[in-house]
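As a plain string of letters, each chain reads:
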Amino acid sequence: MPVISQSIPNLINGVSQQTTTQRNPTQAELQENAQSRLVEGLSKRPALNYTATLDSSNVYPTNAAIHGVQRDADTAFITAFTNQNVKVWNLSGVNKTVSFPNGNAYLTSTNPKEDFKFVSVADYTFVVNKSISPAMGTATSAAKIERGLVYVKQSNYGRSYEVKVQHPSMSYEIAVEFQMPSGNNFDTDAKFRDTKKIADILCFGTSSQYWDGTANDIGFRSYRTDTNANLSTTQGLKNYSGITSYFTTSIYTSTLDIKPTDGNSNYTINTSDGFGGQAMYVVRDELSDFKDLPFYAPTDSVIKITGDTGDNYSDYYVSFEQEGVWKETVGPGVVLGFDAATMPHALVNNNDGTFTFQQLTWNQRISGDEATNPNPTFVGKTINNVTFYKNRLGFLSQENIIFSENGEFYNFFKTTGTDSLDTDTIDIAASSTQVSTLKHAMSYNEQLLLFSDTTQFVLKSDQGALTPTNASIEATTTFEHNDDVSPISIGNYAYFVQTKGDYSAVREYYADNDTLTNDSVNITAGISTYIPNKITSMLACPMEDTIIMFPYDTINGESTSPYSVSSNVNPTYAKEMYVYKYFWDRNEKIQASWSKWIFDGVQILGGMVIESTLYVIANDLQDCKLYTIDLQNLPDTNLDFNVALDHKVQLTGTYDAATNKTTYTSPYGERANLFAVDAATGVDLSLSNSGATYYVVGNFPNAIFGTKFISKYQLSTVYIKEQSPNGGQLSVTSGRLQVRTMSFDYEDTGFFKVKIKPVDRDERSYTMNGQIISDSSFVIDSPPIVSGTFKVPVQAENTKHTVTVETNSFLPMHLVAAEIESFYHRRSRRA
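Counting restarts for each chain: residues are numbered from 1 in the order of the written sequence. Selection of residues for local features in this predicted model requires a pLDDT of at least 70, selection of side-chain atom pairs for listing and counting requires 80 or more, and totals for whole chains, interfaces and linings are taken over all residues. Side-chain metrics in this entry use all non-hydrogen atoms of the structure; hydrogen atoms and water are not considered.

## Concerning the overall build of the chain
Okay, step 1: Each helix is a run of DSSP H or I of at least 4 residues and each strand a run of E of at least 2, with the numbering of both proceeding from the N terminus. Within the chain, the secondary structure is distributed over 4 helices and 62 strands.
Okay, step 2: When we talk radius of gyration, it's over C-alpha atoms, and the globule rule is simply 2.2 Å times the number of residues to the 0.38. Computed over the C-alpha atoms, the radius of gyration of the chain is 41 Å, more than 25% above the 28 Å expected from 2.2 N^0.38 for a compact globule of 831 residues.
Okay, step 3: Each principal axis of the C-alpha atoms in the chain carries an extent, and together these give about 140 × 85 × 45 Å.
Okay, step 4: Contacts are assigned to residue pairs with any non-hydrogen atoms lying within 4.5 Å of each other. Put simply, of all contacts in the chain between residues at least 6 apart along the chain, 64% involve residues at least 24 apart.
Okay, step 5: Carbon and sulfur atoms make up 44% of the accessible area of the chain, which amounts to about 36100 Å² in all.
Okay, step 6: Distance from the positive charge centre (62 side chains) to the negative charge centre (89 side chains) of the chain: 7 Å. All accessible areas in this document rest on Shrake-Rupley with a 1.4 Å probe, and a residue is counted as covered only by the protein chains that are shown. Charged residues are defined here as Lys and Arg on the positive side and Asp and Glu on the negative side; His and the ends of the chain fall outside this count. By convention, the charge on Lys lies at NZ, on Arg at CZ, on Asp at CG and on Glu at CD.

Shown next as structure tokens:
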């Protein structure tokens, strides 16, 4: 049997569930509490650092909605939304006062994690409650006034100006007629060329201050139109009782305002002027041409300009402002705005250490009516999510995405009906062959990527700026999507979760610049039964090329608000994180590592990432705490390594020379298996305690406290590899491969064990503790951190043993490569 040496160049590509013959040697059978890093190799995961106890009396429900708020580089907060409440803490765990001037009813929910959606813009965090449907308010514009405006526009000699009125309670129509003078006598006739005087005479008849019976051919009468019988030759619209009993008439220079006294709408007002309706006409409710509006009118006059026949969408309303000035307005009796209690609210940073959860003042409709300026499509329906894109606030509701006016986050109505503005609101539907309820939206590759349960859409705009005329939604791909987990974007890639039975898959979404199409790949294809279908959120840390996924625990009968417990929490899934470590070298992904981090007894609720730090809110024991994880895994201050302890906290002790003991007080009370390390040297200390008070013999001013955790890495089965015709590698399964020894190259490592478990034989364990007696540089009062190669005997057939590297030490471990020495025997020869 020849001796064969094989090299595993690194141990950084995480877990694979492919058959052992298909795996890359750099992939593992198991990787728990270990971090894959290109430079340091395989190392212990970062510690779980204790920051603060957020609530010493309660745990928080697993369905709490955790949301991080980063205002700028120096200001960030983490929030927890529960049923009818919200808590805000800074990143040191200091609780911030939150006031509720409008109450907390909008936060009513049986599942806050599912119902509440957020987007933060500067000091405002907009909060959507999916279980509440937005409604319109009760405030309306002024009710319609039944009136006819008779506009005397021109005066012409010899013409007959006639106003005819009919009320349902009147037995016949009455006409008031003023016969203009012939104009043959300048001295008596010229003064009647004033339209104001014509209007006044129609109102008051011969008692008008402008009447002159000596004018040539002048005449006046009120008569029945059915019989042409005169009713009066002196009284007009304002003083003939047959008219004033049913109508009130006011005069505004050359315009008459005629209104039915009882507000009945079944009246008629008609005019004739002997000039084809060019000299005097009536305006009742609407006009087809803006230029025909009266020069004078009451200030409460509202007229609808209808524009082209059949084009109702171009209609608009105007109200009289001043002489010759009409301004666009909202129609009469129109609901003006939203019921703010049902609309999204905001958590506002007051920049004084306090926050306010409040209703928002949404802009009212200032033009048009429900037909010409319709309600946004989210009214009466649920809002599924909220986004912010190109200076617009956007809501996702059913198949539509609805954007506010550009730069006006609280306006969801058109500002004018006379033109289509680029800044106008946008309300657009995603169309496809099946119902596509939009659930998520995120900025991606200079576009907005929209997700329904089964389809991905892209919001496009032709000329860069997003406007109502150039916005369109196009379906790009059809991948199922777990809408309980918000997708994330990192650079040119987006990631979203799919549910496949009892497990979850993650797809990496990308734009193919060569084909100008979008596509995605399943980055969990090799671990199809690794991640449970209990994923609740996914976070990205671009600075560390890391994605973190949080599972959740389903607890029957759990409260939706913080509650006290009589025993320690016992998480099932929520104690885990699934970690994806990747690295791109230009367009080639040279690392794609999945692993699992386990935090025993810690029930993770959610978190946020800032730069390279992961902030985590979690239940622990019987209360709720804030933890941090440094994803860089940097050395602790004054030490050359990061002390690998969970619940890690550095404490300052009090030394008593009489007892030669240093006393520390645990910030989280008494904890089983608490461990301590001298913060100055990194040497472990012997602890005793009385409750939350801990003692160390000797003077140690500062110590690092925490609990140990176990890191495990089980290597994949070793095979001889041969080059395949297509350039890949094939595992040789013929013959017998007897593994003789295995060597591990390590750097700056203090401790690890290699466990060899042959089939049907006892497990053997080999320890590397860094203590080399013959090493003259070894210092008793400092931990042994060394580099080298650790060789262990295996003496087993390749498929009939397992090799596992474990460490439960607080000391570092960095495995950079491995070497396998084997005997190989093949009875046959390949053709």
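## Looking at unusual backbone geometry
Okay, step 1: Positive phi values are uncommon outside glycine, yet Asn391 reaches one of about 65°.
Okay, step 2: If you trace the backbone, Asn391 turns up in the loop between strand S27 (385–389) and strand S28 (392–397).
Okay, step 3: Not every positive phi belongs to a glycine, and Asp545 is a case in point at roughly 50°.
Okay, step 4: Inspection of the secondary structure assignment puts Asp545 in the loop between strand S39 (535–541) and strand S40 (546–551).

## Considerations on the sheet that holds strand S33 (residues 456–461)
Okay, step 1: Strand pairing requires that DSSP identify at least two bridges connecting the strands. Strand order in the open sheet made by the 4 strands is S31-S32-S33-S34, with antiparallel pairing throughout. Strands at the two margins of the open sheet, each flanked by one partner only, are strand S31 (440–444) and strand S34 (471–477). Strand-to-strand, the axes of this sheet are offset by a mean angle of 30°, without reference to chain direction.
Okay, step 2: Bridging between S33 and S34 involves 6 bridges; their strand directions are antiparallel. Note on S34: the bridge partner recorded for Leu459 is Ile473. Geometry is summarised by axes, namely lines fitted to C-alpha atoms with helices restricted to the contacting stretch, and by angles between N-to-C directions that run from 0 to 180 degrees.

## Points about the layout of surface pockets
Okay, step 1: With a 1 Å grid spanning the protein atoms alone, the term cavity applies to any set of points in which a 1.4 Å probe fits but cannot get out, the term pocket to an open set with protein on both sides within 12 Å along at least five of seven lines, and the term lining residue to any residue with an atom within 4 Å of a point. Grid points are joined across faces, edges and corners, and a volume is the space filled by probe spheres set on the points. Its volume calculated, the largest pocket comes out at about 1700 Å³.
Okay, step 2: Every residue lining the largest pocket is counted, 49 residues in all, and those nearest its centre are Ile66, His67, Ser486, Met538 and Leu539.
Okay, step 3: Contributing elements (two or more residues each) for the lining of the largest pocket: strand S6 (65–72), helix H1 (112–115), strand S10 (116–121), S27, S31, strand S35 (488–490), S39 and strand S43 (602–610).
Okay, step 4: Classification used: nonpolar for Ala, Val, Leu, Ile, Met, Phe, Trp, Tyr, Cys and Pro, charged for Asp, Glu, Lys and Arg, polar for all others including Gly. A per-class count over the lining of the largest pocket returns 22 nonpolar, 19 polar and 8 charged.
Okay, step 5: Of the pockets and cavities examined, the second largest pocket occupies roughly 440 Å³.
Okay, step 6: Surrounding the second largest pocket, 21 residues form its lining, Phe599, Asp600, Gly601, Thr707 and Lys708 being those nearest its centre.

## A word on the sheet that holds strand S8 (residues 85–90)
Okay, step 1: Here we have 8 strands laid out as an open sheet, ordered S6-S7-S8-S9-S26-S25-S11-S10, and mixed in their pairing. Only two strands of the sheet have a single partner each, and these edge strands are S6 and S10. Each neighbouring strand pair of the sheet contributes to a mean axis angle of 25°, computed without reference to strand direction.

## Observations regarding the packing of aromatic side chains
Okay, step 1: Two aromatic rings from Phe, Tyr or Trp, using only the six-membered ring of Trp, form a pair when their centres are within 6.5 Å; if the ring planes differ by under 30 degrees the pair is stacked, by over 60 it is edge-to-face, and anything between is tilted. Scanning the model with the defined rule gives 39 aromatic pairs in all.
Okay, step 2: Between the aromatic rings of Tyr50 and Tyr627, the centroid separation amounts to 6.3 Å while the plane-to-plane angle is 75°, which identifies the pairing as edge-to-face. Taken together, the residues Tyr50 in strand S5 (residues 49–55) and Tyr627 in strand S45 (residues 623–630) connect sequence positions 577 residues apart. The two residues Tyr50 and Tyr627 agree in class, both being buried.
Okay, step 3: Aromatic pair Trp362 and Phe412: ring centres 6.0 Å apart, planes at 55°, arrangement tilted. One end of the pair, Trp362, is in the loop between strand S26 (354–358) and S27; the other, Phe412, is in the loop between strand S29 (400–403) and strand S30 (426–429), with 50 residues separating them in the sequence. Buried means the residue's accessible area, taken with a 1.4 Å probe over protein chains only, is under 20% of the maximum for its type, while exposed means over 50%, and partly exposed covers the values in between.

## What to know about the pattern of salt bridges
Okay, step 1: Criterion for a salt bridge: a side-chain nitrogen of Lys or Arg within 4 Å of a carboxyl oxygen of Asp or Glu. Under the defined criterion, the tally for this structure stands at 30 salt bridges.
Okay, step 2: The partner of Arg284 in a salt bridge is Glu146, with the nearest N and O atoms 3.7 Å apart. On the criterion of sequence distance, the pair formed by Arg284 in the loop between strand S20 (280–283) and strand S21 (286–287) and Glu146 in the loop between strand S11 (124–129) and strand S12 (148–152) is long-range, its members being 138 residues apart.
Okay, step 3: Residue classification places Arg284 among the partly exposed residues on the basis of a relative accessible area of 27%.
Okay, step 4: Here Asp300 ties to Arg147 by a salt bridge, and the two come within 3.1 Å at their closest N and O atoms. Linking Asp300 in the loop between S21 and strand S22 (302–305) with Arg147 in the loop between S11 and S12, this pair joins segments that are 153 residues apart in sequence.
Okay, step 5: Among the residues examined, Arg147 registers a relative accessible area of 7% and is labelled buried.

## Concerning the environment of Phe709
Okay, step 1: As for its position among the elements, Phe709 is in the loop between strand S53 (702–707) and strand S54 (711–715).
Okay, step 2: Spatially, the C-alpha atom of Phe709 lies 53 Å from that of Ala471, the residues being 238 residues apart in sequence.
Okay, step 3: Phe709 has contacts with Asn33, Lys44, Arg45, Ala644, Leu645, Asp646, Thr807 and Asn808, leaving out every residue within four places of it along the chain.

## Re helix H3 (residues 195–204)
Okay, step 1: With 8 of 10 residues buried, H3 is to be regarded as a mostly interior element.
Okay, step 2: Turning to H3, its buried residues number three or more, namely Thr195, Lys197, Ile198, Ala199, Asp200, Ile201, Leu202 and Cys203.
Okay, step 3: Polar contacts, as used here, are pairs of N or O atoms within 3.5 Å; protein pairs need one atom able to donate a hydrogen and one able to accept it. Residues neighboring in sequence count only if both atoms are side-chain atoms. Looking at where H3 begins, the residue whose side-chain oxygen comes 3.0 Å from the main-chain nitrogen of Lys196 is Asp194.
Okay, step 4: Remark: Gly205 follows H3 within two positions and exhibits a positive phi of approximately 65°.

## A look at a nonpolar patch on the surface
Okay, step 1: Each patch groups residues whose relative accessible area exceeds 30% and which form no salt bridge, using 9 Å between like charges and 5 Å between nonpolar side chains of Val, Leu, Ile, Met, Phe, Trp and Tyr. The grouping of Leu38, Val39 and Ile590 at the surface amounts to a nonpolar patch, some 280 Å² of accessible area in total.
Okay, step 2: On the secondary structure map, Leu38 appears in the loop between strand S3 (34–37) and strand S4 (41–44).
Okay, step 3: Here Leu38 falls in the partly exposed class, since its relative accessible area comes to 39%.

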